[in-house]
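An overview of the molecular structure
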Amino acid sequence: MTTLFKVQGSNNKFFLLDQTQLSQPLATTELQKLAQNICHPQTGLLHGADGLLVIQDPSCPGPIGQMRIFNADGSQASMCGNGLRTVARYLGAKHHLKQFQVETLTANLQVSQQPDWAPEVPAFSVEISPVSFNLQDLPCTNLGEQPIVNQPLPELDPQLKFTALAVPNPHLISFVTSTDLQGSGLEKLGHRLNQSNPYFPDGVNVSWAQILGPHKLFVRTFERGVGLTNACGTGMSATCLAFLLSQSATAAWDELITVYNPGGQVQVRVHQSSPQHYWMELIGNASIMDRIELPESDLHRANDWTHAIIHESSETAAYEKFVQEHQPKIN
Ligand SMILES: N[C@@H](CCC[C@H](N)C(=O)O)C(=O)O
């Protein structure tokens, strides 16, 4: 039998598969098919998830493991902030370490265990980098000169202003009113920019943010390869950088910003290492929802979950209690 986990960071939900335990690790095409099938909300396992996190041996000295992220539609992304926290928790427990590096598709990132946020609500901090405003890195085309920082883009919306950046996965950010945030505009724009379109040939994660206070935001994200999610870690980190660069924010570099989202909250610190060089720390819960045992052959087949034995964790209830007790207070 193989062990798989269902995990969540800010209720952004994933299956986590450690390929190093398998006698025959899955090839990339098998991982894409597994992500599509296991994450499906109706026919997947445990009502599906937003993506599949895959742990492999590192390919270079330094990091103790490698993380890959496949969206629910099977596409592979370069980074996943909420997912990396859960991978940090898993690898930290496996190697008995509290601080280490994890290899991701484009960078080795620093992660560390933090004090629990509440009983049974473990927390981790992960580095979000590299950051780029170079439009080729998203990629983003036909929207004029770079950088796009708090700029009107009537091609996308007649009223909103946009910031476009890669962290290194692509993000498009707008600051909106609470009415906009509750409406259907985010979903419409997200769908439009994640179908064939002249501006974001590889699609883009679209986040809308409401400023709740000097160090407080609420962010909703339409994720590339998924749709509306409870939270997107890289999206909230990118939004905090956009906040500091464009909104006359009273928050300063290196200070904690609390970012509420439909799945709970995270904290972000934005750092400027030199002019135009930025990186973020994303801090939040890393919770295990279920431990799942199933035959390795079922992972390769990826279409039958009837042999799965599910062990539900008490961390889900603990996290829900934490969220109830920490609703945003609007100044
Ligand atoms: N949920 C993630 C981001 C996952 C990848 C994203 N959908 C993409 O395609 O870039 C996060 O927490 O950062």
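All values derive from a computational prediction rather than experimental measurement.

Counted under the stated rule, the structure contains 6 aromatic pairs. Aromatic pair Trp117 and Phe322: ring centres 5.6 Å apart, planes at 35 degrees, arrangement tilted. With a gap of 205 residues between them, Trp117 in strand β7 (residues 108–118) and Phe322 in helix α7 (residues 315–325) connect regions that are remote in the sequence. An aromatic cluster of at least three residues, connected via ring pairs, comprises Trp117, Tyr319 and Phe322.

Mapped onto the elements, Thr258 comes out in strand β15 (residues 256–261). With near-sequence residues (within four places) excluded, Thr258 lies in contact with His215, Lys216, Leu217, Gln265, Val266 and Gln267.

Right, let's talk about helix α1 (residues 28–38) for a bit. Every buried residue belonging to α1 is among Leu31, Leu34, Ala35 and Ile38, and all of these are buried. All buried residues of α1 project into a common sector of 100 degrees when viewed along the axis, lining one side.

For the rest of this paragraph, the subject is the UniProt feature "active site" (unreviewed entry) in the protein. Annotation from UniProt places "active site" (unreviewed entry) at Cys80 and Cys232. What stands out for the annotated residues spanning 153 residues is how close their C-alpha atoms remain, the widest pair being 7.8 Å apart. In the annotated set above, the residues contributing to the lining of the largest cavity are Cys80 and Cys232. If you trace the backbone, Cys80 turns up in the loop between β5 (76–77) and α2 (81–95). Sequence-distant contacts of Cys80, that is, excluding residues within four places in its chain, are made with Phe14, Leu53, Met67, Ile69 and Thr234. Following the sequence through the fold, Cys232 ends up in the loop between β14 (227–229) and α5 (233–246).

The rules behind each value
Residues numbered from 1 in each chain as written. Predicted model: local features only at pLDDT ≥ 70, side-chain atom pairs only at ≥ 80, totals over all residues. Heavy atoms only, no water. Phe/Tyr/Trp six-rings, centres within 6.5 Å; stacked < 30°, edge-to-face > 60°. Helix = DSSP H or I, 4+ residues; strand = E, 2+ residues; numbered from the N terminus. Contact = heavy atoms within 4.5 Å. Buried < 20%, exposed > 50% of the residue type's maximum accessible area, 1.4 Å probe, protein only. Arc of directions from axis to C-beta. UniProt positions renumbered as here; feature names shortened; annotations may be inferred. 1 Å grid on protein atoms, 1.4 Å probe; cavity = no way out; pocket = protein on both sides within 12 Å on 5 of 7 lines; lining within 4 Å.

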